[in-house]
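Descriptive structure summary
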Amino acid sequence: MPPITSKSSSDTGLDLLLFTIPQYALLQVGTASILLLLLASKTTVETLYAIGEASEELFRGDRLPILNFPDQSETNKS
């Protein structure tokens, strides 16, 4: 029984003027680029999360200076 898709080996891949890029090479490049994109997106999310936590710490007030308020007895004397 002959195969259902009978393509010659010259039809596989990207045919340019001077050379042909095989399909497996295109698949490898595409897979590597998708994996790098996923890794970059994960790193970006973690970085943005860390920046958000750092900005939250800024506005929390732990590092604000302590203000000297007058005592209650000093305000009642006036």
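To start, this report covers the structure provided alongside it. (Residues numbered from 1 in each chain as written. Predicted model: local features only at pLDDT ≥ 70, side-chain atom pairs only at ≥ 80, totals over all residues. Heavy atoms only, no water.)

**A few points about the overall build of the protein**
Test applied: By the criteria applied, helices consist of DSSP H or I runs no shorter than four residues and strands consist of E runs no shorter than two, each listed in order from the N terminus. Buried, partly exposed and exposed residues are distinguished by accessible area as a fraction of the type maximum, computed with a 1.4 Å probe on protein chains only: under 20%, between the cut-offs, and over 50%, respectively. Surface exposure here means Shrake-Rupley accessible area, sampled with a 1.4 Å probe, where a residue is shielded only by the protein chains that are shown.
Across its full length, the protein holds two helices and two strands. Along its sequence from the N terminus, the protein presents helices and strands in the succession β-β-α-α. Counting only residues that meet the buried cut, the protein has 0% of its 78 residues in that class. When the accessible surface of the protein is totalled, it reaches about 7800 Å², and 65% of it is carbon and sulfur.

**With respect to a nonpolar patch on the surface**
Keep this limit in mind: Distance thresholds for patches are 9 Å for like charges and 5 Å for nonpolar side chains (Val, Leu, Ile, Met, Phe, Trp, Tyr), applied to residues having over 30% relative accessible area and no salt bridge. Salt-bridge detection follows one rule: a side-chain nitrogen of Lys or Arg within 4 Å of a carboxyl oxygen of Asp or Glu.
A contiguous nonpolar patch, built from Leu14, Leu16, Leu17, Leu18, Phe19 and Leu26 and spanning about 690 Å² of accessible area, is present on the exposed surface. The residue Leu16 is located in the loop between strand 1 (14-15) and strand 2 (20-21) in this model. For Leu16, a relative accessible area of 36% gives the class partly exposed.

**Remarks on the environment of Gln23**
This is how the line gets drawn: Contacts are residue-level and defined by heavy atoms, with any inter-residue pair within 4.5 Å sufficient.
Position of Gln23 relative to the elements: it lies in helix 1 (residues 23-60). The sequence separation of Gln23 and Thr12 amounts to 11 residues, and the corresponding C-alpha distance is 6.2 Å. Every residue in contact with Gln23, bar those within four places of it in the chain, is listed here: Thr12 and Gly13.

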